[in-house]
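# Fold and geometry: a report
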Amino acid sequence: MRVIEEGKIPEKETKKRCSQCKTRFAYTPADVQSDRDGKYVVCPGCKTFIDVTPPFTGYH
Ligand SMILES: [Zn+2]
């Protein structure tokens, strides 16, 4: 098989609002960090660690 034209897989973004500083941001799986307690992203506004360990119910 040979590739004639390479397509792009759209990055899967998840939108979230920080519960601390109310910054809205979108992150991709590449932004998710993990430690032994679970998975988290860092808020771009206040640098708070936001837990995104599935199942994530969200801040709505
Ligand atoms: Zn924040």
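Note that this is a predicted model, so its numbers are computed, not measured. (Residues numbered from 1 in each chain as written. Predicted model: local features only at pLDDT ≥ 70, side-chain atom pairs only at ≥ 80, totals over all residues.)

Attention shifts here to the overall build of the protein. A count of helical and extended segments in the protein gives zero helices and five strands. Helices and strands appear in the protein in the N-to-C order β-β-β-β-β. Against the 2.2 N^0.38 benchmark of 10 Å for 60 residues, the protein shows a C-alpha radius of gyration of 15 Å, more extended than a compact globule. With the principal axes as the frame, the protein shows a C-alpha extent of 50 × 25 × 20 Å. By the burial criterion, 2% of the 60 residues in the protein qualify as buried. The contacts in the protein between residues at least 6 apart in sequence include a share of 24% that link residues at least 24 apart. (Helix = DSSP H or I, 4+ residues; strand = E, 2+ residues; numbered from the N terminus. Rg over C-alpha atoms; globule rule 2.2 N^0.38 Å. Buried ≥ 20, exposed ≤ 12 C-beta atoms within 10 Å, placed from the backbone. Contact = placed C-beta atoms within 7 Å.)

Right, let's talk about the pairing of strand β2 (residues 24–27) for a bit. Direction of pairing for strand β1 (residues 14–17) relative to β2: antiparallel, over a ladder of four bridges. Across the sheet, the residue bridging to T14 is Y27, located in β2. Hairpin connection between β1 and β2: a loop of six residues separates the two successive antiparallel strands, and K22 in this loop has a positive phi of roughly 65°. (Pairing = 2+ DSSP bridges.)

In spatial order, the strands read β3-β4-β5; together these three strands make up an open sheet with antiparallel pairing. Of all the strands in the sheet, the pair left with one neighbour each is β3 (33–35) and β5 (49–51). Within this sheet the neighbouring strands show an average axis-to-axis angle of 40°, counted without direction. Summarising the sheet, strand β4 (residues 38–42) and β5 pair through three bridges and their orientation is antiparallel. For V41, the partnering residue across the bridge sits in β5 and is I50. (Axes fitted to C-alpha atoms, helices over the stretch in contact; angles between N-to-C directions.)

This part is about the pairing of β4. One ladder, built from three bridges, connects β3 with β4; its direction is antiparallel. Residue pairing in the sheet places S34 in a bridge with K39 of β4. The hairpin turn running from β3 into β4, its antiparallel successor, is two residues long. What sits between β4 and β5 in their antiparallel hairpin is a turn of six residues, with K47 showing a positive phi close to 65°.

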